[in-house]
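# Structural features, examined
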Amino acid sequence: QIPKDPTRRWLRELAALSQQLQQVHPNVLAKILKQRTVYQNEEIVVIDKPYGLPVHGGPGIKNCIADVLPILAKMLENMKADPLHLCHRLDKETTGVMVLARSKEAAEKIRLLFKTRQVEKIYWAVVLGDPDPVEGIVEIPIVEKEVQSHQSHYKMTLAPNYRLRPEDGKVMKIRKNRHAESAVTRYRRLASASACSLLELQPITGVKHQIRVHLAYGLGCPILGDHKYSHWSKLAPQKLPELTLRRLKLEQSKARHLPLHLHAHRLCLPLGQPLEFVCKPPLFFQKTLRKLELDIPKD
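Attention here is on the structure that accompanies the text. (Residues numbered from 1 in each chain as written. Predicted model: local features only at pLDDT ≥ 70, side-chain atom pairs only at ≥ 80, totals over all residues. Heavy atoms only, no water.)

### A short note on the pairing of strand β7 (residues 142-147)
Two strands pair when backbone bridges link them, and β7 and strand β8 (residues 153-158) are joined in this way by six bridges, in the antiparallel orientation. Residue pairing for β8: Ile142 is matched across the bridge by Leu158. Between β7 and β8, which pair antiparallel in sequence order, lie five residues. (Pairing = 2+ DSSP bridges. Helix = DSSP H or I, 4+ residues; strand = E, 2+ residues; numbered from the N terminus.)

### Quick look at the state of the cysteines
Considering all chains together, one arrives at zero disulfides under this definition. The thiol of Cys279 is not disulfide-bonded; the next cysteine sulfur, from Cys268, is found 14 Å away. (Disulfide = S-S within 2.5 Å.)

### Re the packing of helix α2 (residues 26-35) against helix α3 (residues 65-77)
Taken N-terminus to C-terminus, the directions of α2 and α3 make an angle of 65°; their axes are 8 Å apart at the nearest point. In terms of axis orientation, α2 runs roughly perpendicular to α3. The way α2 lies across α3 gives a crossing that is right-handed. Listed contacts from α3 to Pro26, Asn27, Leu29, Ala30, Lys31, Leu33 and Lys34 of α2 are Ile65, Val68, Ile71, Leu72, Met75 and Leu76. (Axes fitted to C-alpha atoms, helices over the stretch in contact; angles between N-to-C directions. Parallel < 35°, antiparallel > 145°, perpendicular 65-115°, else oblique. Left-handed = near helix turned anticlockwise from the far one by under 90°. Contact = heavy atoms within 4.5 Å.)

### Section: the nonpolar core
Where a protein is soluble and globular, its nonpolar side chains tend to be buried together. Of all hydrophobic cores here, the largest spans 60 residues; its most connected members are Ile65, Val126, Leu201, Leu215 and Leu294. When residues of this core are assigned to domains, at least three map to each of domain 1 (1-116) and domain 2 (120-268). Not counting residues within four places of it along the chain, the set of residues in contact with Val126 comprises Cys196, Ser197, Leu198, Ile223, Leu224, His261, Phe285, Leu289, Leu292 and Leu294. In terms of nonpolar packing, the next biggest core, distinct from the first, is built from 18 residues, Cys87, Val97, Val99 and Leu113 among them. (Core = buried A, V, L, I, M, F, W, Y, C linked by side-chain atoms within 4.5 Å. Buried < 20%, exposed > 50% of the residue type's maximum accessible area, 1.4 Å probe, protein only. Domains from an automatic or database assignment.)

Okay, here's the thing in structure tokens:
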């Protein structure tokens, strides 16, 4: 039964996004990834990672990219290929450019490029609100903490090195959290409308959930559909501004179906000569931009 009403239909599509790839046969998943190959040479294969597909397995995960790499390698190389290797990771909900290596040596070389920050990564995100200033750098260390609430859970959060002294508002240095990792994200606003903005982001470091945490807690502009980092102490769907709900033709009670709007748009890999890969945002992301009247910049 396909709903006639376009908004209901859109909601159905969004709700199904995460489930779809968990229910297919691994061979079908490999085939989907093959169709999403954007570049390959003798060292690497670059894919456009779909939404809701984890890179690694874990509890309750039936399908992940790591598990189908041997099948994908055979499909790309006509049967007698070494399995492909992971070089970096993207969150399950993040879409876009992902690099796989054809050999262990190539994988190690590329991992080192990521580790030594020689890979330029550009992301796009739709966020709530408007960052102030409209472009800049967030440089706040990040640490994982347990959230004490009715349902105890873990989240990444900020561990700043400075804070304001309550009695006189003076800046004071605080003791470094020894588990915190330094994290740096450049950001720039590309468009704003409907109480939301489209941002271009360049993570200089690669800490888990870095972009999501820096945007939500550092700039106060959580990513649209980021239900985890829109509140600190509770696990609840994101609360959206009235105008955003109106433009998306959504009720607040259905906000939980909104997927994370974070896309790995461009990646530049210095392998010999610099190789640049670009992936267009997925359909749901493009539809959201249209509904919110956020204009995609022309590359």
